[in-house]
Each structure stands twice: as structure tokens, then as C-alpha cells.
Amino acid sequence: MPTTISRSNSTISNHRSIVENRSENKEGTTILWFDTDFSSRKDTEHVKEQLRLINDFVLCYADLEQCITFVQSTSKEKILLISSGKQASQLVSRTAHLRQIDSIFIFSLRVDRYQHLTREYPKIVGIYAHLGSLCQSIQQQIDRLDEQLQIFSIFDQSQQLGKDLSKRAAEFLWFQMLNQIVLRFPRNHQTKRQMIETCRQYYRGNIKELQMIDKFERDYQAEDAIRWYSKQSFVSKLVNQALRSKDIDQLYRFQFFIKDLSKSLAREHEQLLLFSEERTLTVYRGAKLECDEIDKLKANQGRLISTNGYLLCSRSRTLAFSLAKKATKRTDIVGVVFEMKYSIGHDGEQVALGDVVNFSEHPQKQEMLFDVNASFVLESVVTEDEVYVIRMNASAEGQKIARDYIELMSNEASEMSTEIIFGRLLCHMGEYDISQKYFERLSKESNGNDLAWIDFHIGRAHDLKGEWLQAQEYYKRTYEKMMSVKPARVRDAAYMLSNIGGIVHDQENYDEAVQYYQQALQLYKKYCPSEYKNIVQTLNIIAMIFRKQGKYDDALERLHEALKVEQIICYASSHIDMATTLNSIGDVLKRQKKFDEALEYFKRALKMQEKSYPSGHTDIAQTLSNIGCSQGNKRKFDEALTYHQRALEMREKCCPAAYVDIADSLNNIAWILDEQGEYDEAIDYYKRALKMQETHNSTGHIHIAQILNNIGTIRRHQKKYKTALHYHQRALELREKYNPTGYIDIARSLNNIAFTLDSQRKYDEARDYYQRALGMQEKDCPSGHVDMAWTWNRMGGTFRRQKKYTEALDCYQQALAIQERFYPAGHIDIAWTLSNIGSVHRKHGRFDEALEYHQKALGIEEKHYSSGHVNIARSLNNIGRILDRQDKHHEALLHHQRALTIHEKCHPSGHVDTAWTLNSIGDILRKEEKYIESLECHRKALAIQEKHTSTKYIDTVRSLNGIGCALGNQDQFDEALGYHQQALEMQEEFYPTGHIDMAHTLNNIAWIYDNQEKYDESFEYYRRALKIREQFHPSSHIDIARSLDSIAFILDNQGKHSKASDYFQRALKIYEKLHPNGHANVADSLSNIALCFEKENRCTMALDYYQQALSMYEKFLPVNHSKRVVTERSIHRVTEKTQNTVQCASCILR
């Protein structure tokens, strides 16, 4: 557990929770000290006392994981992290990238041992062996933080104000409204006493601050507010942090001081207007900022900016530049000067600015103070004398925007006061707890505010926190209040029904959710027919629910109704609203695999957005992303990449703080590159997205898990299974930890792990994970879920690779049954399952059945896809493989060539699937004795594989073997041998413990040596091939029989007919077991044995085997088949030999 310095003494006291520690820090800075050996340190208390003299809030941790968890849970403070040398590397590597970590100090006697960390992590200020130098360095960083510009908010003036605000816009508006809200807080004569008591309680044990609080209580007068704020006392620290953290309770306690400060500033502002001889003032603020903050400012030139609190600045340019250039050991921060121009006496509303020189303890600083709602136009960011100069003009535009927003919200919702709108903004900022507290306080001191809206917003805070039962209770209470008044507030009541529907929807009770939204829709249509926007929005939400349920036709019906309403209305914003509906229609069509139709709608939406929005609007970027995804689904990867890159460029330029959206674009680009086989480049994009999510989206664990899964999938494609497994397991851990009821997502992670284990041939482990995935899917939906079909299909693949074809077929049939239950006939996903069933029949040698299933799959795909889709190419290749096995080589070739045409169209620069198809064509051409054409195909395949894989890639083995075979068939044996040896070396590297595919390569090498009459070498390679097949195949596998045959032929060529006969006999037993009712292969074995006996002049035995062979050939082969003819001649020949032998024996006897 963490420890903190006691407020009553210097002993270490345990805290119940991390949250409790965090909530205690009412200042902006935390000193966090990590040391695993606190209990053994004799100077612990002394060190902590020294640290608290620098900064009041100090936390100590001895447990690494608890320390990291605290850091990750903190977002509103800056942390100065001190670590002992022990475990420093682990702590720093896992926290240095987090924005809340400002500076890092390592406290260790072994300074040299940790110097390398300062080069790796720029936030490390230094390594310290002595407490004095450590405290001095920390004090310097605290002083720098005190001089820092407070966190700022940015507002894009071009964006539309409405109910759905971005977090950034809401924050800007909240600070613009803050002053007038504080001034409206109900007056309470006890507020000063409450504030002082709060400060005493907080600073208990801190003698220095307690003395200052006593002085404040004794001497403070209203006209002293500026003096107390400017001296950087406890008052300014606590007020500034309350503002930055939007701590309503703290602001309420300090209201009397804030009111005094604002009134004092207003007076000084009046004095400035009356007596200043200057028409334009230029004031400065020197600071240090991180580089990404500079980039954010550069990206927002021309927009409004405001500080989240009061802004103290100076008339002295020299002083500001001196502060900006002040030396620091941090290497990742740069000096900046904010240069702010202020027009005095400008007509109209002005930003409040006061000269505070007469109140300052340092009059030489020539300080001036802006009020809390000051806003500026960010004009430019330039460099001057190695310092960034941020030029801004003070503007009252922020106050006007706030007034416009209040008016808009008041018009859209009756009885919604400024106080309610202010609290509502907190939810837009994600500050749900603060919003709830604010409205609960407002309900007790309503001061004329509408109680129905107050109840609603308490419910809304519960809703956004996932506390659905409490939220639903408040929403229903609000609905009843709105319907009970005369006249009934029907429009607002309909809005309540929609919110109840939203809760039920979040609970995944989709049918019930639709009922609530339908009720709301009926109210709008009946009582508020002019509420077009609400009607359209409700129709869109109902459509979204239908889409989630897979009821795509119902979803399209509602969306087209919404579109019709928008087309009829033609109000000013109609076109841009239509773009949202068009995008939604496109999304549903995309899910129906109707990619061409989807693209039409996305492009219509884009055209409207580009006409209505300024270039670079976030909605344009999203539509570009939608188009990119549809082009990707059509396998038009180059076009898709162009759209995704446009979206990324737009988001990075115009919305650099929209990290989630930027990460989404990075993910989309990575997916396209993955599909193109550009794996390393795809990994780079995924890692950029991952870093962005981990750094800027502390709650984005689900997004992080998805990226980890994507990286794992690519590593699996690259055959880097150990690395792939690592990423998939990390994703699973995140999902189980942060979304334990997200059974479908957890199941997907389990499936990914299973698939990776399957690729490692760890089939039993893989099946265990598939079973766990099925269990999760059944938990999510006991009546069945379409994802279960995916799991059954994958598990079937595992059984298939284990040669357990009966079990595989059962899995595929399970998948097919689920799909036929949940999908309409001919759904595209059914094609995958049909294809899998066909593959099992092919493995069983049931080629007619296999062909039927693959042709069904092809039929579905041709209906759903355009003629050039890669899935069609896959089915064509599957059919080609079967036709090839049926010795229908010409038909097989035609199917593979059709597949090749599709691949070359979809992947003009090449793809590994194109290489696979080329190899298949090359194999068939070789069987047709078209060796030159075959060689060309295999070489093309190899070139593609080498181009699209940066490292050795095991799939190139097939190309190398294909080239070797084509060369061998042309008697170019030495060159052929080189390619086969290269293939074998690659397999031995990838499969150090052996692999069944190695047997094929060993056979190819043996065949070359055989043709070169190097029988000993040939025998050795055939023997190695046999050994591998016996290792990986069951004892009666046909490939073992073929290896036995090959060895027998070598022995026969060496004149070792008796040994050859033994091998042929072993092969015969396998053939007979495989074909108990006879087969041409059995006849071949009988014939081979007969020939061996004949060569040994054992004619009786030879004749017997030839006759058995002929009997079987007559059963399975046509009359004129060459094998029947040859066997008949052999029988005639051996019969003559037997007769001649008998005649010779008779002559000898005579």
C-alpha cells in the first residue's frame, strides 16, 4: 500500500486506497517517491520532511505495481517522480511516456550505474547521491512549474455549436462561463470560515503554510485579493488547482475569494481604461513547454485559445525571455514566450486585464493579471533567439461564443438555465463525478432553476458512468415531472424517453430500447411535427440498433425515411445533416457487403461535407476513412490507401489533439498494408497507433487491445509465432482486466491465441483456447451468436491439420448450422464454411463432394462480390486443386488462370496470394510437360515473394521446389539441385525439429540424384523423407507407401532386387489397408513386386503377382490402358521363361 506523510506528524501512515490519496492533493503537483527498501532506510523521515518543505503533497511507495497504478490513475496533477536505483529501469520504462510525469530523479549512491537511463529518457533530470543536491534540483523544477502557463483550451471558431460538443470545445465554454456562475453562487457568511478550515485541515502539520493561513484569517480584506493571489501563497495554489481540475466543491468553498479577486480585477481594469495613455499593451509570459505542446499550438494558429485559470504576465519582454532561456536539465522541453497584445479602449466588450504592480511583492516584474475567462486569437508561432514566440491577440470573442451557446441551448430545451448549461458542460468534458456533485448541490439550492432538468442531469452523470439503474430512475422521474405540468413539456419528455432507450441499449436489451425510441418518435411526430432534427436523429438511432442486431433491411428502411424527411425540409443545415444519414446508409450497405452501393453513399456524403465545411473538418476525415474502408473491402488497396492517408493528413494537421481519430487512421493504413503483404510497414503504423493510444488515451484499453491483436496477427503472418503470441496474450490480459464482461472481445482474443498455437502445431493447446472462446460466446448469448461459427470454423481447421477429418467436418457442420440459423440464405460468411467443408472432403479423397461444396461457395461469392474479388479467386483456386487431383489438368489450369487474373488486378504490384496461384499454374504446366512455361511461372512467384517479404519467408520453398522440378524435367540437374538444396536449408532453419513439408523437398533432391545415377545419395534422401513421413503421418498414410516405393526403385536400380521387394511389400500392405476392395495403386505394387521376382528369376512368384495385378487392373482400368497391356506382356514373357525353363530341365534329364 502507499504511504503518505502524516498531516499531524512525520510518521508513515497507511492509506486505504489510491483514489483516497489522489483526492487529497488539492495543489497541482505531487512528489512521488518509490523505494523498495523504505523499512531499512534510517533517513526516511528526514528525507520526507525535506521534500515536504518543497512541495506539500508527498507520496511514498515500496511496491512497484502499486506505484505504477497510481501514476496511471492520475491525470490532473504533475508528478515529480523520485526512484531509488533498484528497479528504476522498470519504473521509468513504464511511466516516462505518460503526460502526468513531469520530471524524474534517481536517488542512488551508484551514479555511474544509471547514467545510461538519462540518455534513453529525456524526462530524467539527473542521478543524485546526496539529499541536498536532490532537493535543490526538485525545487528548481517546482519553480519552473510555478512559472508554467496553465493548461490551455482551444476552440475552433468554424465548428458548429450544439448538444454534442467536443471535449475541447466544452472546456473552452466552461471557463468562459465560470465567472458568472461563481458570482451566482448563493451568498453565505460562513464561506470564509469554511475556506480557512479547509486550508488548515489540508495543510495540517505544515508549519510554514499554517502560519500563512493564520495571517490570512487575521489580516485579509476584500481589496487584498490580488495581493494574496500574486504572492504564490496557499490561496493561489489551491485556487489554480481547483480551476484546472474543475473541482466544484473547492471552488464553492473559495467562492468569496474568487468573487473578491474578480471584483478587484474589474476595478483595476476600469482604472486601466480610464488612465492608460497607451492604446495597445503588449505583455509577456516566459515558460517551458514540451515539444508536442508546441506542435499543438502550431496546428491551431488562427483559433481561439484560453488559459484554464487566471493568467499572470509581465510588461517586461526581457524578463519573459530570461525565464524562457533559463537552463534546465530536461532535454525534451523548450523555451517559449507568449506575446499578448491587448487593445485598450476598444469599443464593445473587453477581456478583463488589471495592472497588479501595486499589489506585487516583486514590482520590478511589472506584472499584469488576466481574468479567468480571458481568450486570445492565436496569430502565429515563430522562433526568435532560440525561443518559440507565441503571438496572440486578446479577444472578447470567447464571451460572445459562450452567450451564443447559452442562447442556443435555452432555445432547444425549455427551462434550461445558465447554471444548468454550465453543469452540463462538465459531462461533455468527461467530468461525470464533478457534474453529479454540482447538480446535487444545485438541487438543494435550486435558486429558481428547473428541478426537472436538474434531476435529468444527475441521471445523465450516472448514465455516463455506467450506473444505469440510478440513471434510469432519475430519467423516469424527470419524464413524469415534464408530463405532469400544464401544458405538458412533450418535446423534453420525448427526449427523456430517448435517454431511457439509450440506457436499455447500453444494457444490450435492443428490442426494449427500440420500443422507447419508437415512443419518443411518435411523440415528436404527433405533438412536435416541426421537430425535424429530433425526428431524423431518432430514426438514425433506431436504425443503428437494427444494424447492431444484424437487421440490415430494417435499418435501411429507417435511414431512408430519415433521408426523405431531410430532403423535404431543406432547412439551412439540411445538407450537412443529410451527410450523416448518407454515411449511416453507406455503413449498413458495407456490412451487407454491397461495397459499390456503399461507396456511392459515402461519396455523396463527402461531396456535401466538402461544400458545407471548411477543408480539414473532422467529419470530412471520417467520410474519407469510410471510403477507404470500402475500397479496402473491394480489395482496391491503392485507392483505399490514398483515402486513408488523406484522412490521416487532415486529422494530424487540423485536429492534432484528436488522438483516437488519428490512431484510427493509422490502424486503417496498417490494415491495408497488411493486406498488401507489406508487413513491416504495417507494423510501423500499428506501433504508432499503439504509442498514441497508450500515451494520450488512458481509458482506451479496448482500443489498445485491438491494436495489440492486429500486431499479433501480422507477426503470425510472418511466422513469428512467439512474438505473435506475446501480443495476443497482452490483448487478452487488457480485455479481461478492463472489460471482464466483454465476452465477445475476450473470445476474439482467445481465438487469436488459439490460431497462433495452431500455427505452431500445438493443436491440443489451440483446441483448449477455442473451447474457452466458445464458453465466452455462450456466456454472452446463450441462445447462440454468429461469432461462434467463426470459432467452430477455426477449431475445424485445427482438427483438419491433425488429419482428424471426421472431427473437423463435425466442427464445420456446427458452424454451418449457426450461420444458417442467423443469416439469410446465401449470406457471404456461409461461403467460408462451405469452402472449409469442401476442403475436408478433398482431404478424404471425396473429390466430387468437395467440388460441389466449393462450387456452392463460389456461387455465393459471385453474387455478393464484383467479378474481381480475391475471395472469388480463392474459390477458383480451390476448385482448380480438386480438378488437378482428378487429373483434369486443363480444366484446373483454366480455374487457376482466372484466379490469377483477379489477383493481378487486385494486387498490381504483386501479393503472396498471387505467388501461390502462379505456383499452382506452374505445377500443372509441368504435369502437361510444358516445362519452360512452368519455370516462368515459378520464377515469377519467387520474385513476388522476395519483393513482399523483407526476411526469409517459408512460403518461398514451394517456388524454389517448383523451379527445381521444372529445371530437373529439362535435365538441368545441377541447377535444379541448387534450388532444392536452398529450399531444404530454409525449411531446416524454420523447422529445426522437422516438418512434414520437408519430405517433399528431400524427395525432389533424391529424384535429381536418381536421374544422375547417384543411387547412394538418392537412397539417403529418400530414406530421410521416409523417416519424416513416419514421424508426422499415421502408419498407414499413402505418402509413407510412396516413400517406400521410391526407396525400392533405387534398390532395384542398384540390382538389390530382394531388398527392393521387401520395401515394395511394405508399401503393398499400406495400399491394401487403404483400399480393402482393391485399387489401381494396389495393382501397381503387385506389379512392382512381380518385376523384382522376375529379375531374381523367381518366375513362379513373379507370375503369381503379375496375375494378381492384372486381375485388379481389369477391375479398375479400361481395356486399352497401358498398365493392362504392359502387365499382359509381362505375364506372357514370364510364362515363356517358365516353359523354356521346364523344357531345358527336361533336356538335361534326358
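Per an unreviewed UniProt entry, the protein goes by the name Nephrocystin-3 and belongs to Adineta ricciae.

Enquirer: Please explain the overall build of the protein as it appears in this structure.
Expert: Along its length, the protein carries 51 helices and 16 strands. Along the first, second and third principal axes, the C-alpha atoms of the protein reach 150 × 80 × 50 Å. For the protein, buried positions account for 56% of its 1150 residues. Carbon and sulfur atoms provide 48% of the accessible area of the protein, an area that totals close to 51,200 Å². Of the side-chain charges in the protein, 152 are positive and 154 negative, and the distance between the mean point of each set is 1 Å.

Enquirer: What am I meant to see in helix α18 (residues 432-444) here?
Expert: Given 3.6 residues to a turn, an α-helix orients residues that are three or four positions apart in the same direction. The end-to-end C-alpha distance of α18 is 19 Å, a good match for the 18 Å that 13 residues give at a rise of 1.5 Å each. Listed as buried for α18 are Ile 434, Ser 435, Gln 436, Tyr 438, Phe 439 and Leu 442. Summarising the contacts, the buried residues of α18 are in contact with α7 (167-184), α12 (248-253), α17 (418-428) and α19 (451-464).

Enquirer: Got a minute to help me understand the packing of aromatic side chains in this structure?
Expert: The geometry of an aromatic ring pair comes down to the distance between the two centres and the angle between the two planes. All chains considered together, the criterion is met by 28 aromatic pairs. On the numbers, 6.5 Å between centres and 75° between planes, the contact of Tyr 203 with Phe 234 is edge-to-face. With Tyr 203 in the loop between α8 (191-202) and α9 (207-219) and Phe 234 in helix α11 (residues 234-244), the pair connects residues that are 31 residues apart, well separated along the chain. Side by side, Tyr 203 and Phe 234 carry an identical accessibility label, which is buried. Between Trp 453 and Tyr 495, the aromatic rings sit 6.4 Å apart at their centres with planes inclined by 50°, giving tilted as the arrangement. On the criterion of sequence distance, the pair formed by Trp 453 in helix α19 and Tyr 495 in helix α21 (residues 490-506) is long-range, its members being 42 residues apart. In this structure an aromatic cluster arises from ring pairing among Tyr 202, Tyr 203, Phe 216, Tyr 220, Trp 228, Phe 234, Phe 256 and Phe 257. Across from the ring centre of Trp 228, 4.2 Å away, lies the NZ or CZ of Lys 231, which sits over that ring. The lysine or arginine in question, Arg 477, covers the ring of Tyr 474, its NZ or CZ lying 4.5 Å from the ring centre.

Enquirer: When you look at unusual backbone geometry in this model, what are you seeing that I'm missing?
Expert: Glycine aside, a negative phi is what most residues show, and trans is what most peptide bonds show. Between Lys 486 and Pro 487 the backbone carries a cis peptide bond, its omega angle lying at -5°. Tracing the backbone through its elements, the reader meets Pro 487 in the loop between α20 (468-484) and α21. Unusually for a residue other than glycine, Asp 385 sits at a positive phi of about 55°. Mapped onto the fold, Asp 385 is located in the loop between β15 (375-384) and β16 (387-395). Located in the positive-phi region is Asn 1097, a residue other than glycine, with phi close to 60°. Structurally, Asn 1097 can be placed in the loop between α49 (1080-1095) and α50 (1099-1116).

Enquirer: Is there a simple way to explain the pattern of salt bridges in this structure?
Expert: Oppositely charged side chains are able to pair whenever their charged atoms sit close together. The full count for this structure, using the stated rule, is 56 salt bridges. Where Arg 558 meets Glu 557, a salt bridge forms, and the shortest distance between an N and an O atom there is 3.8 Å. Taking the relative accessible area as the measure of exposure, Arg 558 reaches 16% and is therefore buried. We note a salt bridge from Arg 591 to Asp 587, for which the minimum N-O separation is 3.0 Å. Remark: Asp 587 and Arg 591 occur in helix α25 (residues 574-591); sequence separation between them is four residues, near one turn of the helix.

Enquirer: Where do I start with the domain arrangement of the protein in this structure?
Expert: Interface size is often expressed as the accessible area that is lost when the parts come together. What the domain assignment lists for the protein is domain 1 (29-148), domain 2 (153-408) and domain 3 (1033-1149). On a C-alpha basis, the centroid separation for the pair domain 1 and domain 3 is 85 Å.

Enquirer: So what exactly am I meant to see when it comes to the pairing of strand β3 (residues 29-34) here?
Expert: The two faces of a sheet get side chains in turn, since along a regular strand they alternate between them. Of all the six residues making up β3, six are buried; the element is thus mostly covered by neighbouring parts of the structure. Covered by surrounding structure in β3 are Thr 29, Ile 31 and Trp 33 together with Thr 30, Leu 32 and Phe 34, the residues of both alternating faces. Summarising the sheet, β3 and strand β5 (residues 78-84) pair through six bridges and their orientation is parallel. The partner of Thr 30 across the bridge, within β5, is Ile 79. Pairing geometry for β3 and strand β4 (residues 58-61), over four bridges, is parallel.

Enquirer: Would you mind showing me how to read the pairing of strand β14 (residues 367-370) here?
Expert: Burial along β14 is two-sided: the face carrying Glu 367 and Leu 369 and the face carrying Met 368 and Phe 370 are both buried. The pairing of strand β11 (residues 311-314) with β14 spans four bridges and is antiparallel. Within the sheet, the bridge partner assigned to Ser 314 lies in β14 and is Glu 367. Two strands pair when backbone bridges link them, and strand β13 (residues 353-355) and β14 are joined in this way by three bridges, in the antiparallel orientation. Within the sheet, the bridge partner assigned to Gly 354 lies in β14 and is Leu 369.

Enquirer: Any chance you could explain the side chain of Ser 1018 here in plain terms?
Expert: Checked against the element boundaries, Ser 1018 lands in helix α46 (residues 1015-1032). A relative accessible area of 0% places Ser 1018 in the buried class. In this view, Ser 1018 contacts Ala 1006, Tyr 1009, Asp 1010 and Ile 1050; residues no more than four positions away in its chain are not counted.

Enquirer: Hey, could you run me through the environment of His 428 in this one?
Expert: Its place among the elements puts His 428 in helix α17. Once the C-alpha coordinates of His 428 and Arg 168 are considered, the two residues, 260 residues apart in sequence, prove to be 8.9 Å apart.

Enquirer: Could you clarify how one ought to interpret the packing of helix α37 (residues 828-843) against helix α38 (residues 847-864) in this entry?
Expert: Describing two packed helices takes the angle between their axes plus the distance from one axis to the other. The N-to-C vectors of α37 and α38 enclose an angle of 160°; their axes lie 8 Å apart at closest approach. Put simply, α37 runs roughly antiparallel to α38. Like other packed secondary-structure pairs, α37 and α38 cross with a definite hand, here left-handed. On the side of α37, the interface is formed by Ile 828, Ile 830, Ala 831, Leu 834, Ser 835, Ile 837, Gly 838, Ser 839, His 841 and Arg 842, while α38 contributes Phe 847, Glu 849, Ala 850, Tyr 853, His 854, Lys 856, Ala 857, Ile 860, Glu 861 and His 864. Classifying every residue of the contact of α37 with α38 by side-chain character gives ten nonpolar, six polar and four charged.

Enquirer: What is the right way to read the packing of helix α3 (residues 64-73) against helix α4 (residues 88-95) from this model?
Expert: Across the interface, α3 lies against α4 with an axial gap of 11 Å and an inter-helix angle of 20°. With respect to α4, the axis of α3 lies roughly parallel. For the pair α3 and α4, the sense of crossing is right-handed. Contact residues: Leu 64, Glu 65, Cys 67, Ile 68 and Val 71 in α3; Gln 90, Leu 91, Arg 94 and Thr 95 in α4. Per-class residue counts for the contact of α3 with α4 are five nonpolar, two polar and two charged.

What counts and how
- Residues numbered from 1 in each chain as written.
- Predicted model: local features only at pLDDT ≥ 70, side-chain atom pairs only at ≥ 80, totals over all residues.
- Heavy atoms only, no water.
- Helix = DSSP H or I, 4+ residues; strand = E, 2+ residues; numbered from the N terminus.
- Buried < 20%, exposed > 50% of the residue type's maximum accessible area, 1.4 Å probe, protein only.
- Areas by Shrake-Rupley, 256 points an atom, 1.4 Å probe, with all protein chains shown as cover.
- Lys, Arg positive; Asp, Glu negative; His and termini not counted.
- Charge placed at Lys NZ, Arg CZ, Asp CG, Glu CD.
- Expected span 1.5 Å × (residues − 1).
- Contact = heavy atoms within 4.5 Å.
- Phe/Tyr/Trp six-rings, centres within 6.5 Å; stacked < 30°, edge-to-face > 60°.
- Lys NZ or Arg CZ within 6 Å of the ring centre and 35° of its normal.
- Salt bridge = Lys/Arg side-chain N within 4 Å of Asp/Glu carboxyl O.
- Domains from an automatic or database assignment.
- Pairing = 2+ DSSP bridges.
- Axes fitted to C-alpha atoms, helices over the stretch in contact; angles between N-to-C directions.
- Parallel < 35°, antiparallel > 145°, perpendicular 65-115°, else oblique.
- Left-handed = near helix turned anticlockwise from the far one by under 90°.
- Nonpolar A, V, L, I, M, F, W, Y, C, P; charged D, E, K, R; others polar.

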